[in-house]
Structures are given as structure tokens and as C-alpha cells.
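# Observations on the model geometry
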Amino acid sequence: MAEKRRKFDAEFREGAVRIVAETGKTLAEVARDLGINETTLATWVSRARQAGVAGSGESEELARLRRENLQLRRDNKELAMERDVLKRCMVLWVK
């Protein structure tokens, strides 16, 4: 026999998406805790992200972290070049 489909209200769906976004738990953990199917929760999270509902503050944080990461990579590259120049100078100075 086929099981009857369960219906979840919008408040429950939003709460589940918020748990995934705020706690950092995996989809599988949250789905198991709530007693729902993992793919169902993944669909809700995906729709919420597309709609911009889940983590509007997260998108700002993500953009800030990406900018910071880019700057750190540039700094790291520049420092590596400076280090290489100093190594070459040291070799020439020692000889």
C-alpha cells in the first residue's frame, strides 16, 4: 500500500530552512531530527535560497568573506614574490 503524503505548513518549512541556515548542521542531520525526508528538506532549502529568504544576512557575509579571501590571496602572492627576490639577493650577496 502507498503511504499518504504528509503536508507541512509554511511555518514548519521556514523553521526547518532556518535551522539548516543558522545551526550549520547538515541537511541529513536536520532532516533526521525533524523526521522528514532529506530530499524534501533539500528542496525547501534550495527554493528558499533562490527566493533569497534563507540568510539574507548570509549573502552579505559571504560577499564580505569572498572580498577578504581575494585580498588575502593577493597579499600572499605579493609576499611570496618579495620572499623570492630576497632569496635571490641573499644568494648573490653570499657569493
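Up top you'll find the structure we're talking about.
### A few points about the packing of aromatic side chains
Applying the stated criterion to the full structure yields three aromatic pairs. When the centroid spacing of 5.1 Å and the interplanar angle of 15° are considered together, the rings of Phe8 and Phe12 count as stacked. Under the relative-accessibility criterion, Phe12 is labelled partly exposed at 29%. Between Phe8 and Trp44 the ring centres are 5.3 Å apart and the planes differ by 75°, which places this aromatic pair in the edge-to-face class. Taken together, the residues span a long stretch of sequence, with Phe8 in the segment before α1 (10-23) and Trp44 in helix α3 (residues 38-51) at a distance of 36 residues. Judged by its relative accessible area of 10%, Trp44 is buried. An aromatic cluster of at least three residues, connected via ring pairs, comprises Phe8, Phe12 and Trp44.

### Description of the packing of α1 against α3
Think of two packed helices as two axes; the pair is described by the angle between the axes and how far apart they sit. The interhelical angle for the contact between α1 and α3, taken along N-to-C directions, is 85°, at an axis separation of 9 Å. Taken as axis vectors, α1 and α3 run roughly perpendicular relative to one another. Of α3, the residues touching α1 (which contributes Phe12, Arg13, Ala16, Val17 and Val20) are Leu41, Trp44, Val45 and Ala48. The residue makeup of the contact of α1 with α3, split by class, is eight nonpolar, no polar and one charged.

The rules behind these values
- Within every chain, residues take consecutive numbers counted from 1 along the sequence as written.
- Selection of residues for local features in this predicted model requires a pLDDT of at least 70, selection of side-chain atom pairs for listing and counting requires 80 or more, and totals for whole chains, interfaces and linings are taken over all residues.
- Derived side-chain values reflect all non-hydrogen atoms in the structure, with water molecules and hydrogen atoms excluded from consideration.
- When two rings of Phe, Tyr or Trp (its six-membered ring) have centres within 6.5 Å they constitute a pair, described as stacked for plane angles under 30 degrees, edge-to-face for angles over 60, and tilted for the intermediate range.
- To sort residues, take the accessible area from a 1.4 Å probe on protein chains only and compare it with the maximum for the residue type: under 20% means buried, over 50% means exposed, and anything in between is partly exposed.
- Under the scheme used here, helices are H or I runs from DSSP no shorter than 4 residues and strands are E runs no shorter than 2 residues, and both carry numbers assigned from the N terminus.
- Here the axes come from fitting lines to C-alpha atoms, over the contacting stretch only for helices, and the angles between their N-to-C directions go from 0 to 180 degrees.
- The cut-offs work like this: below 35 degrees is roughly parallel, past 145 is roughly antiparallel, 65 to 115 is roughly perpendicular, and the gaps in between are oblique.
- The contact rule is simple, with two residues in contact once any of their heavy atoms fall within 4.5 Å.
- Residues were grouped as follows: Ala, Val, Leu, Ile, Met, Phe, Trp, Tyr, Cys and Pro as nonpolar; Asp, Glu, Lys and Arg as charged; and all remaining residues, including Gly, as polar.

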